[in-house]
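Residue-level listing of the chains:
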Amino acid sequence: MFGKLLSDISGLWAKYGTTYLQGIGNTLILAVTATLIGCVIGFLCGILQTIPCGKNDSVIKRVFLRIIRIIIRAYVELFRGTPMILQAVFIFYGLPYFFNVNFSSIWTVSILVVSINTGAYMAESVRGGIMSIDPGQFEGAKAIGMNHWQTMLYIILPQTLRNIMPQIGNNYIINVKDTSVMFIIGFSDFFAAHKMVAGAVFKYFPSAFIEMGGYLCMTLLASFLLRKLEKKLAGKSNYELVTTDQLVMTAGTYNYPDHQDGSPFGEDKE
Amino acid sequence: MSEHILEIRHLSKAFGTHAVLKDIDFTVDKGDVTTIIGASGSGKSTLLRCINLLETLTTGEILFHGKDIAGRGVNSSAYRAKVGMVFQSFNLFNNLTVLANCMIGQQKVLKIGHDEARKRALYYLNKVGMAPYINARPDQISGGQKQRVAIARALAMEPEVLLFDEPTSALDPEMVGEVLDVMKSLATKDNMTMLVVTHEMSFARDVSTHVVYMADGVIEEEGEPEKIFSNPESPRTKEFLKRILNN
């Protein structure tokens, strides 16, 4: 029984191996690109949603920020609240009604749909990530004169990124699997390869077996790489005292009160 | 006559209906080391946070070199760059090393180049004795060391005034000394203008040039430290000092 399965699988692979591999390639490219673009959208939404606005700000700024928040809210609810398969159909057939566009490349639409779908989820993850950062980090940045954009870019988002790495990993793995719904607009991903091969030679189970293995390999590899990345983002666990830099005075601990002149370099000593 | 750096006029602050600060008036001159003392909940920290615009005032004005900075349309970031702040909970940037903590403000806010910023950061880190630790991250050093780095970070911006919000309250007792030593040196050797909210009465008495006692959101009494500590006028000041100095 298993012997038959094995011979079927190796037969399929020998004949259609490149079709499967091409499918895997397309799936990975779509999932990686869309997750990256989705992250960018998510982080942008996160920055825009957290722009502080108090009663000291001008009316125009307050109205403007209000509108931005409403738009982001609507975007998130719309794309989180409808199936991606439907969004793909909606955009693929809907846009030509309004604009003179011709989607010669199914790639463009697929990346667009998966990106904005991921972005909607990421926007919420990023918002949660920003909320989880100690308010003292914002105050510390404000106190040295940073504006909102600088605070976000250099202080808050790097910490947020580290905190939401597991979420990004989740989204990526979901994308690897869920890009299979793009077959509806004719995208030839890994699952589409199964449909094609199985339809041609009527070996449904052996082909599904290959698919299962293929998807599992893709997601396990992703989990492994994400763990590595998380570790890297956490930084070194050790540090070394600096004793050789010319500008560093001593290897000891604090010594300031012992310096009778104003400068530790002694340049203002007579 | 010395120059007023900060002038607080009729400052009031309420959280909802709860008035925390009521009609505060006082000035900070160049070279002053002013300590603000008082019981917990008297509004000391809120006052300091208002001065750095971390809280919005309900009413009143804050004049910095004679210009109101609390009103509408004022660039608060530019003002904050000139007024340093040291927090009770340090608030060092967790994603950056000690050195980068002291450089980022110079590079991004003051637009100073990398080499110059590094030199300046090391100059001030040397002052607080933390230069050998430049490669450490904030979660790898002790509380007292964090606070000394936080002071160096504020100094690296070369501010005109330095605000301290209970800088030693979150520290273990044996670490309080190292931070107070650094502050004392800043006050006596560098003539830094400082505004310090503290429970360290010895610092208030021995180092500061001016003491403000706050109670229930108002300034109950202010003056030179000898006068406040040896001959306070207000009975509330007397009561507070008696309680705190006997402990």
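Residues numbered from 1 in each chain as written. Chains lettered and ligands numbered in written order. Predicted model: local features only at pLDDT ≥ 70, side-chain atom pairs only at ≥ 80, totals over all residues. Heavy atoms only, no water.

In terms of helices and strands, chain B carries nine helices and ten strands. For 247 residues, the compact-globule estimate of 2.2 N^0.38 gives 18 Å, and the C-alpha radius of gyration of chain B, at 18 Å, lies within 12% of that figure. Seen through its principal axes, chain B has C-alpha atoms that stretch 55 × 45 × 40 Å. Looking at chain B residue by residue over its 247 residues, the buried ones come to 59%. The long-range fraction of contacts in chain B, counting pairs at least 24 apart against all pairs at least 6 apart in sequence, stands at 65%. Counting every atom, chain B has about 9,700 Å² of accessible surface; 46% of that belongs to carbon and sulfur. Separation between the mean location of the 28 positive side-chain charges and that of the 31 negative ones in chain B comes to 6 Å. (Helix = DSSP H or I, 4+ residues; strand = E, 2+ residues; numbered from the N terminus. Rg over C-alpha atoms; globule rule 2.2 N^0.38 Å. Buried < 20%, exposed > 50% of the residue type's maximum accessible area, 1.4 Å probe, protein only. Contact = heavy atoms within 4.5 Å. Areas by Shrake-Rupley, 256 points an atom, 1.4 Å probe, with all protein chains shown as cover. Lys, Arg positive; Asp, Glu negative; His and termini not counted. Charge placed at Lys NZ, Arg CZ, Asp CG, Glu CD.)

Glancing now at the layout of surface pockets. When its volume is computed, the largest pocket comes out at roughly 1,100 Å³. As for the largest pocket, its lining consists of 42 residues, and the residues nearest its centre are P52, D57 and K142 of chain A together with S76 and R80 of chain B. Put simply, the parts of the chain that give the lining of the largest pocket at least two residues each are α2 (59-80), α4 (106-131), α5 (135-143) and α6 (148-163) of chain A together with β4 (59-64) and α2 (76-82) of chain B. With four residues, the single largest contributor to the lining of the largest pocket is α5 of chain A. Class assignment of the residues belonging to the lining of the largest pocket gives a composition of 18 nonpolar, 16 polar and eight charged. What the second largest pocket holds in volume is close to 280 Å³. Every residue lining the second largest pocket is counted, 14 residues in all, and those nearest its centre are V32, Y172, A222, L225 and L226 of chain A. (1 Å grid on protein atoms, 1.4 Å probe; cavity = no way out; pocket = protein on both sides within 12 Å on 5 of 7 lines; lining within 4 Å. Points joined across faces, edges and corners; volume = space filled by probe spheres on them. Nonpolar A, V, L, I, M, F, W, Y, C, P; charged D, E, K, R; others polar.)

Enumeration according to the criterion identifies 19 salt bridges over all chains in this entry. Between E77 of chain A and R73 of chain A there is a salt bridge, with its nearest N and O atoms 2.8 Å apart. One end of the pair, E77 of chain A, and the other, R73 of chain A, are both in helix α2, four residues apart, so they sit about a helical turn from each other. In this structure E77 of chain A comes out as partly exposed when scored by relative accessible area, which is 39%. With relative accessibility at 31%, the residue R73 of chain A sits in the partly exposed group. The partner of R236 of chain B in a salt bridge is D216 of chain B, with the nearest N and O atoms 2.9 Å apart. In this pair, R236 of chain B is assigned in helix α9 (residues 235-246) and D216 of chain B in the loop between β9 (210-215) and β10 (218-223), connecting sequence segments 20 residues apart. (Salt bridge = Lys/Arg side-chain N within 4 Å of Asp/Glu carboxyl O.)

Residue and element names in this part refer to chain A. Applying the stated rule across the entire model yields twelve aromatic pairs over all chains. Between the aromatic rings of Y75 and F79, the centroid separation amounts to 5.5 Å while the plane-to-plane angle is 55°, which identifies the pairing as tilted. Here Y75 pairs with F79, and both are found in helix α2, just four residues apart, close to one helical turn. Of the aromatic side chains, those joined through ring pairs into one cluster are W13, Y20, F190 and Y215. (Phe/Tyr/Trp six-rings, centres within 6.5 Å; stacked < 30°, edge-to-face > 60°.)

Now for the confidence of the model for chain B. With 99% of its residues at a pLDDT of 70 or more, chain B shows a mean pLDDT of 91. Interface confidence in the predicted complex, given as ipTM, is 0.90; pTM for the same model is 0.83. (pLDDT = per-residue confidence, 0-100.)

For the rest of this paragraph, the subject is empty space enclosed by the protein. A full pass over the atoms with the stated rule returns two cavities of 30 Å³ or more. Size it by volume and the second largest cavity reaches roughly 30 Å³. In this structure, the second largest cavity is lined by G140, A143 and I144 of chain A together with G84, M85, F87, A150, R153 and A154 of chain B. Looking at the lining of the second largest cavity element by element, the count peaks at three residues for helix α5 (residues 143-156) of chain B.

Residue and element names in this part refer to chain B. One open sheet holds the four strands; their spatial order is β2-β1-β4-β5, and the pairing between them is antiparallel. On the outer flanks of this sheet lie β2 (18-29) and β5 (67-68), each paired with one strand and no other. Bridge count for β4 against β5 is two bridges, and the pairing is antiparallel. Across the sheet, L63 pairs through a bridge with D68, a residue of β5. (Pairing = 2+ DSSP bridges.)

If you look at soluble globular proteins, the nonpolar side chains tend to sit buried side by side. Residue and element names in this part refer to chain B. Judged by nonpolar contacts, the single largest core of 47 residues is most densely connected at L125, I151, F164, M183 and M194. When contributions to this core are tallied by element, the ones reaching two or more residues are α3 (98-108), α4 (114-127), α5, β7 (161-165), α6 (173-188) and β8 (194-197). Tallying contributions element by element places α6 first for this core, with eight residues. When near neighbours in sequence (up to four residues on either side) are disregarded, M194 contacts D32, V33, T34, L162, F164, M183, L186, A187 and F203. Counting residues in each nonpolar core, the second largest holds 32 residues, with I24, V161, V212 and M214 among its members. (Core = buried A, V, L, I, M, F, W, Y, C linked by side-chain atoms within 4.5 Å.)

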